[in-house]
Amino acid sequence: MNWHRLSSKEVFELLDSRPQGLTIADAEEKFLQYGPNELQEGKKKSIAGMLLAQFKDVMILILLAAAIISGIIGDLNDTIVILVIVLLNAAIGFFQEYRAEKAMQALKQMAVTQARVFRDGNIAWLPATILVPGDVVLLEAGNAVPADVRIIESFNLKIEEAALTGESYATDKITHSLEADDLPLGDKKNMAFKGTFVTYGRGTAVVIATGMQTELGRIAKMLQEDETLTPLQQRMASFGKKLSVLVLFLCILFFVAGWLRGEDIVRMVLTSISLAVAAIPEALPAVITISLALAAKRMIRFNSLIRKLPAVETLGSVTYICTDKTGTLTKNKMHVEDVFVNGKLYERNALSTIKHEEDVMLLLHAFALNNDAVEGADKTIKGDSTEIALMEVSREQNIQSDTWPRLAEIAFDADRKLMTTFHRHNNKIISFTKGAPDILLQRCVNIDLPAMQKQVDDMAAKGHRILGFTYRYWNALPGNPDSEIDENGLQFLGLTGIIDPPREEVFDAIVQCKTAGIVPVMITGDHPLTAKTIAQRIGILTSEKELVITGQQLAALDNDSFLAKVERIKVYARVSPEQKLQIVKMLQQKGHYVAMTGDGVNDAPSLKRANIGIAMGITGTDVSKEAAHMILLDDNFSTIVKAVSEGRRIYDNILKFIKYLMTTNSGELWTLLLGPMIGLPVALLPIHILWINLVSDGLPAISLSFEKAEKDIMNRPPRPPQQSVFANGRGLHMIWVGMFMAGIALSAQGWAISHGLHWQTIVFNVLCLCQMGHVLAIRSETQSFFKIGMFSNKPLIGSVLIAFLLQFVVTYTPFLQPIFQTESLTLNEFLLVGVTSSLVFFAVEIEKVISRKRKNNTN
C-alpha cells in the first residue's frame with residue numbers, strides 16, 4: 001500500500017478510523033486480527049541443539065569411535081586424551097555460535113514501551129505493544145515513533161531516521177499526499193517509522209502498520225537469513241570431508257591387509273586407531289581459534305574490534321568493499337566550500353581577500369545572524385550541521401554579531417523552505433532570509449533569474465547542497481511577521497555550496513585498495529549527484545564505463561540484468577535495505593567475497609549476509625553492531641584497509657601452520673604405513689601421535705601467527721575464494737617433506753633395532769624434533785630463515801625451546817615413562833636423534849632456494 005500517496009481522509013477511511021482515534025472495542029477487535037506490535041524471532045536454536053551440532057563433523061566422529069574402541073580394548077590413556085580433545089573443540093565451537101545470535105535481541109530493544117494514544121477520544125499512555133492500525137498517536141520531541149505511521153498534523157516536526165534510511169539529517173515532516181509511486185523511505189516525508197526518533201516539534205499521526213509488518217519488522221525477517229561461511233570454514237569443511245574418507249579407507253585397508261597376513265587382531269585394531277589419530281590434525285581447530293583470538297586482540301590497536309573470530313581471516317580474501325559514504329569516506333561534518341557573491345564564485349579560503357566589500361560583509365553577517373547554532377562555554381558550536389558550517393565561516397572571518405540583536409523571526413518550515421530573522425544595527429532594521437534557491441530567487445527583485453538559476457545548477461552539479469541568502473531593510477519592524485507578506489521584495493546577497501567533504505586519508509586508502517586488487521563501492525542514502533562527486537574526488541569512480549545507479553533504477557532491473565551490470569556499478573544512491581542485501585548477494589553470486597560497512601538498523605541484514613559485515617563504532621546502532629562481524633572504532637574507511645592487510649597476514653600465517661601440522665601428520669602416516677611394509681614393527685603408539693600432534697606441534701603452530709607480513713602483502717590480488725589450502729605447492733610440500741621425515745624416522749628405527757638401541761623412543765624423538773626444524777624453515781614462503789632473522793619472531797623461538805624441553809621431560813622422567821612408553825636415551829642415541837632430525841630444516845631451506853631461482857627465471 002502506498003500510504004504516502006493518500007490524503008488524510010483516505011487513510012482514515014481505509015483503516016476504519018477517525019481523527020479522534022479508535023474506540024476501545026474497535027482496538028480490541030483489531031488487536032485480535034493483527035496481534036501485538038512487537039518483533040518476532042525466527043526459530044531459535046536450543047543450547048542443547050547448538051552443543052550437539054559441534055559433534056556432527058566426520059573427523060570428530062572418527063576420533064570418538066577411536067576413543068570408544070581404545071576404551072573397549074583397555075587402552076584408557078588414549079581414550080581420555082582423545083575425549084578431552086573432542087570436548088575442548090566442541091566447547092570452543094559452541095561458545096562462538098552462542099555469541100553470534102544476538103542481533104535480533106538488540107532489534108527488539110529498539111521497540112518503545114509507551115505511547116500517547118487517542119482512545120475513545122481521550123489521550124492515554126498505553127504500552128506500544130497493544131497499538132493497532134488505525135490508532136492515532138501524538139508525537140513530540142524526545143519520543144520514539146512506536147509504529148509505522150502516516151503524519152496527520154505537523155508543527156515543525158523533525159524526525160531522525162538515519163538508523164533506518166542512512167540520511168544524515170533529521171527529516172522535516174509534512175502532511176499532504178505525495179505524487180510519486182516508488183519512493184525510498186527517506187523521501188516519504190509524510191510518514192514516520194517504528195524505531196526512529198522525534199528530534200524537534202510535535203505532531204499527530206495514524207498507525208498504518210505494526211509488528212512484523214513495519215519497516216523494522218521487514219528488516220527483522222531479513223536478519224533471520226543464514227550467515228555465509230567464511231573462506232577458511234568452507235575450505236576446512238571440504239578438506240575435513242576428503243580427509244575423513246581417506247582416513248577410513250586407509251584404516252580399513254590396513255586392517256584387512258594385516259588380518260589377511262594373519263596378524264594379531266587387537267594389535268591391528270590399535271594400529272588402525274594410530275593411523276586414524278595420525279591422519280587427523282587434532283590441534284588444527286584449536287590452533288586456528290587461538291591464533292584468530294590473538295589476531296583479534298592485536299587488531300584493537302588498529303581501531304578494529306572483531307566480534308566473530310572467523311572474520312579475521314575473511315579480511316584476507318575480500319575482493320569488494322561496499323562502504324557507506326557519510327562518516328566513513330567523509331568527515332560527517334558539513335563544510336562550506338564555495339561562495340557566490342558579487343557575481344563571482346570564490347573558494348572559501350579566498351573570502352578574507354574580499355571581505356571588505358559591502359555585500360560580502362553583509363553575507364558573512366547573514367551566515368552568523370540567520371542561524372540558530374550556539375557557541376558553548378568550551379567554544380564548540382552546537383546545532384544543525386549546516387548552520388554550524390555557516391557559523392564556522394563567519395567565525396573564521398572574525399565577524400562580530402553582538403551589535404546586531406535579533407528582534408523577530410519567521411521560523412523555517414518544510415513546506416516553504418525558508419527562514420527569516422530581523423535585526424537592529426546602526427538604528428536600522430534589516431532582515432536576512434536564507435533557504436532553497438529555487439524558492440528564494442522567486443522572491444527577489446532586480447536579478448537576472450535565468451542566469452542565477454544556471455549558477456545554482458552549476459554549483460549543484462559539483463554535488464554541493466546550495467543555500468541562498470538575501471536581505472531587506474525596513475523602516476519599522478513588522479508587527480506580526482508573515483511569510484506571504486514579509487518574505488518578498490528581497491535583495492539577493494549570495495549562494496553557498498556546502499558538502500560533507502572526504503577524509504584526507506581516504507584518498508591513499510582507495511589507491512591501496514585498488515593496488516591490492518580490491519574494488520571499493522559506495523552505497524549511500526544521499527543524493528546521487530553528491531554521491532557521484534565524492535566518488536570521483538576520492539577515486540572510486542575513475543572512468544565513464546563505471547556506473548552510478550539509484551534505488552529506483554535498481555528496482556526497475558530484473559535479476560539477470562543486475563547480475564550482468566553489478567561489477568560495473570561503483571556508486572549506489574538512495575537504496576532500500578532489501579536492495580543492500582540484493583547487492584551483497586549478487587556480488588557473491590559472481591564469486592566475490594564482500595565486506596559491507598553500515599551503521600543503521602537498515603544495514604543490519606546486509607551486514608549479516610556479507611562475508612564480513614563492518615559496523616561503525618561511533619555512529620553505529622546496537623542492531624548493526626550485533627549483526628556485524630567487526631566494528632570500526634573510529635568509523636574510518638582507511639582503518640578497513642589496514643584491517644585487510646592484517647587479515648592477509650593472519651591468513652598467510654594460518655596457511656603456514658596448516659602446512660606445518662599437515663606435514664607432521666603426513667610424516668606420521670608414512671611412518672606407520674611404510675614401516676610394516678618393509679618388515680619393521682609399528683613405530684608409534686596412539687599416545688605418541690597425540691603428544692606430537694597436540695603438545696609438540698601445538699605451541700609452535702600458535703607462535704607462527706606472530707610471524708610478520710610478507711613484503712608484497714598489499715601488492716598482490718586477493719586470494720581466490722575457491723583456492724584450496726593445498727594450492728601453490730603446499731600439498732606437494734606436505735607429501736614430500738612428510739615422506740622425507742618418515743624416511744629419516746624409519747632409517748633411524750632400522751639402524752636402532754639392528755644395534756639393539758631404544759628404537760621406539762628414538763623414532764618418537766626423531767619425529768618430534770623434525771617438526772622443530774620444519775617450523776623454523778617455513779616461517780617465510782620464500783625468504784631464508786637466516787635472512788628474516790632468528791629473533792624476528794621471539795614467541796616461535798620460545799615455543800620451540802619449550803617443546804624441546806617437554807620432549808626431554810617425557811623421555812627422561814621416570815614416572816612419565818610408563819604412560820608414554822619411553823626409555824631414557826644414551827648420549828650417542830640423543831646425538832643420533834639431533835643430527836638426523838636437523839636434515840629436514842636444511843632440505844626445506846634448499847627447496848626455497850630452488851623456488852626463488854625458478855621465480856627469478858620466469859620474471
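None of these values were measured; they are calculated from a predicted model. (Residues numbered from 1 in each chain as written. Predicted model: local features only at pLDDT ≥ 70, side-chain atom pairs only at ≥ 80, totals over all residues. Heavy atoms only, no water.)

Details of unusual backbone geometry
Here is step 1 of the chain: Located in the positive-phi region is Asn-332, a residue other than glycine, with phi close to 60°.
Here is step 2 of the chain: Looking at the element boundaries, Asn-332 is found in the loop between β9 (320–323) and β10 (335–341).
Here is step 3 of the chain: The backbone of Asn-342 shows a phi angle near 55°, a positive value even though the residue is not glycine.
Here is step 4 of the chain: Tracing the backbone shows Asn-342 in the loop between β10 and β11 (344–347).
Here is step 5 of the chain: For Asn-342, a relative accessible area of 38% gives the class partly exposed. (Helix = DSSP H or I, 4+ residues; strand = E, 2+ residues; numbered from the N terminus. Buried < 20%, exposed > 50% of the residue type's maximum accessible area, 1.4 Å probe, protein only.)

Quick look at the packing of helix α29 (residues 759–777) against helix α34 (residues 839–858)
Here is step 1 of the chain: In the contact formed by α29 and α34, the axes pass within 8 Å of each other and the chain directions differ by 25°. Taken together, the axes of α29 and α34 are roughly parallel relative to one another. α29 and α34 meet at a crossing whose hand is right-handed. Contacts between α29 and α34 involve Cys-770, Gly-773, His-774, Leu-776 and Ala-777 from the former and Val-840, Phe-841, Val-844, Glu-845 and Lys-848 from the latter.
Here is step 2 of the chain: Among the residues making up the contact of α29 with α34, the classes are represented as six nonpolar, two polar and two charged. (Axes fitted to C-alpha atoms, helices over the stretch in contact; angles between N-to-C directions. Parallel < 35°, antiparallel > 145°, perpendicular 65-115°, else oblique. Left-handed = near helix turned anticlockwise from the far one by under 90°. Contact = heavy atoms within 4.5 Å. Nonpolar A, V, L, I, M, F, W, Y, C, P; charged D, E, K, R; others polar.)

Some details on the pattern of salt bridges
Here is step 1 of the chain: Per the stated rule, a full pass over the model turns up 31 salt bridges.
Here is step 2 of the chain: Measuring nitrogen to oxygen at the nearest pair gives 3.8 Å for the salt bridge that ties Arg-443 to Glu-487. One end of the pair, Arg-443, is in the loop between α16 (437–440) and β17 (444–445); the other, Glu-487, is in the loop between α18 (483–486) and β19 (490–499), and 44 residues separate them in sequence. In this pair, the class of Arg-443 matches that of Glu-487, namely buried.
Here is step 3 of the chain: Of the charged contacts, one joins Lys-848 and Glu-845 as a salt bridge, the two residues approaching to 3.2 Å between their closest N and O atoms. (Salt bridge = Lys/Arg side-chain N within 4 Å of Asp/Glu carboxyl O.)

Examining empty space enclosed by the protein
Here is step 1 of the chain: Applying the stated criterion across every chain yields a total of one cavity of 30 Å³ or more.
Here is step 2 of the chain: By volume, the largest cavity is sized at about 40 Å³.
Here is step 3 of the chain: Elements represented by at least two residues in the lining of the largest cavity include exactly α29 and α31 (794–812).
Here is step 4 of the chain: Ranked by residues supplied to the lining of the largest cavity, first place goes to α31 with three residues.
Here is step 5 of the chain: For the lining of the largest cavity, the class distribution of residues is four nonpolar, two polar and no charged. (1 Å grid on protein atoms, 1.4 Å probe; cavity = no way out; pocket = protein on both sides within 12 Å on 5 of 7 lines; lining within 4 Å. Points joined across faces, edges and corners; volume = space filled by probe spheres on them.)

What to know about a nonpolar patch on the surface
Here is step 1 of the chain: A grouping of Leu-248, Ile-252, Val-256, Trp-259, Leu-260 and Ile-265 is seen on the molecular surface, where their side chains present a nonpolar patch of about 610 Å² in accessible area.
Here is step 2 of the chain: The dominant element in the nonpolar patch, judged by the number of residues it contributes, is helix α9 (residues 231–260), at five residues.
Here is step 3 of the chain: Relative to the elements of secondary structure, Ile-265 occurs in helix α10 (residues 265–279).
Here is step 4 of the chain: Its relative accessible area of 37% is what places Ile-265 among the partly exposed residues. (Patch = residues over 30% accessible without salt bridge, like charges linked within 9 Å, V, L, I, M, F, W, Y side chains within 5 Å. Areas by Shrake-Rupley, 256 points an atom, 1.4 Å probe, with all protein chains shown as cover.)

Some thoughts on the environment of Ala-91
Here is step 1 of the chain: Secondary-structure assignment places Ala-91 in helix α5 (residues 76–99).
Here is step 2 of the chain: Taking the C-alpha atoms as reference, Ala-91 lies 49 Å from Val-117; in sequence the two are 26 residues apart.

Let's talk about the state of the cysteines
Here is step 1 of the chain: One pass over the structure, following the stated rule, counts zero disulfides.
Here is step 2 of the chain: Not part of a disulfide, Cys-770 finds its nearest cysteine sulfur in Cys-768, a span of 9.5 Å.
Here is step 3 of the chain: The buried category is assigned to Cys-770, whose relative accessible area is 0%. (Disulfide = S-S within 2.5 Å.)

Section: a negative patch on the surface
Here is step 1 of the chain: Side chains of Asp-16, Asp-26, Glu-29 and Asp-120 sit close together on the surface and give a patch of like negative charge.
Here is step 2 of the chain: Looking at the element boundaries, Asp-120 is found in the loop between β1 (114–119) and β2 (122–127).
Here is step 3 of the chain: We classify Asp-120 as partly exposed; its relative accessible area is 38%. (Lys, Arg positive; Asp, Glu negative; His and termini not counted. Charge placed at Lys NZ, Arg CZ, Asp CG, Glu CD.)

A few points about helix α17 (residues 449–460)
Here is step 1 of the chain: For α17, with 12 residues, the first-to-last C-alpha span of 16 Å sits near the 16 Å given by 1.5 Å per residue.
Here is step 2 of the chain: Buried within α17 are the following residues: Met-452, Gln-455, Val-456 and Met-459. Buried residues of α17 fall within an arc of 100° about the axis and therefore sit on the same side. Facing away from the buried side of α17, by more than 90 degrees, are the exposed residues Pro-450, Lys-454 and Asp-457.
Here is step 3 of the chain: Against β10, β11, α16, β18 (465–474) and β19 lie the buried residues of α17. (Expected span 1.5 Å × (residues − 1). Arc of directions from axis to C-beta.)

Thoughts on the nonpolar core
Here is step 1 of the chain: Counting residues in each nonpolar core, the largest one holds 125 residues, and the members touching the most others are Ile-321 and Phe-637.
Here is step 2 of the chain: The greatest single-element share of this core, amounting to 17 residues, is contributed by helix α26 (residues 637–677).
Here is step 3 of the chain: When neighbours within four sequence positions are excluded, Phe-637 is seen to be in contact with Ile-321, Thr-323, Thr-328, Leu-329, Val-506, Ala-509, Ile-510, Cys-513 and Pro-520.
Here is step 4 of the chain: Counting 51 residues, the second largest nonpolar core, distinct from the first, contains Phe-193, Cys-322, Leu-554 and Ala-628. (Core = buried A, V, L, I, M, F, W, Y, C linked by side-chain atoms within 4.5 Å.)

Quick look at the packing of aromatic side chains
Here is step 1 of the chain: Scanning all chains against the criterion turns up 15 aromatic pairs.
Here is step 2 of the chain: Centroid distance Trp-736 to Phe-740: 6.4 Å. Interplanar angle 45°. Geometry classified as tilted. Of the two residues, Trp-736 and Phe-740 are both situated in helix α28 (residues 730–754); the distance of four residues between them amounts to about one turn of the helix.
Here is step 3 of the chain: Between Phe-785 and Phe-786, the aromatic rings sit 5.4 Å apart at their centres with planes inclined by 80°, giving edge-to-face as the arrangement.
Here is step 4 of the chain: Judged by its relative accessible area of 60%, Phe-786 falls in the exposed class.
Here is step 5 of the chain: Above the face of the Phe-155 ring, Arg-202 is positioned so that its terminal group lies 4.2 Å from the ring centre.
Here is step 6 of the chain: Across from the ring centre of Tyr-473, 5.4 Å away, lies the NZ or CZ of Lys-428, which sits over that ring. (Phe/Tyr/Trp six-rings, centres within 6.5 Å; stacked < 30°, edge-to-face > 60°. Lys NZ or Arg CZ within 6 Å of the ring centre and 35° of its normal.)

Side note on the environment of Met-50
Here is step 1 of the chain: Counting through the fold element by element, Met-50 comes out in helix α3 (residues 47–53).
Here is step 2 of the chain: Of the residues examined, Met-50 reaches a relative accessible area of 5% and is grouped as buried.
Here is step 3 of the chain: In the structure, Met-50 is positioned 44 residues away from Phe-94 in sequence and 6.3 Å away in space, judged by C-alpha atoms.

Let's talk about the side chain of His-423
Here is step 1 of the chain: Among the secondary structure elements, His-423 is positioned in strand β15 (residues 418–425).
Here is step 2 of the chain: Within the structure, His-423 has its side chain in polar contact with the backbone oxygen of Trp-404 (distance 3.1 Å).
Here is step 3 of the chain: In terms of polar contacts, His-423 uses its side chain to reach the side chain of Thr-421, at 2.8 Å.
Here is step 4 of the chain: Aside from chain neighbours lying at most four places away, what touches His-423 is Leu-369, Trp-404, Pro-405, Arg-406, Leu-407, Lys-428, Ile-429, Ile-430 and Phe-432. (Polar contact = N/O pair within 3.5 Å; in protein donor to acceptor, adjacent residues only side chain to side chain.)

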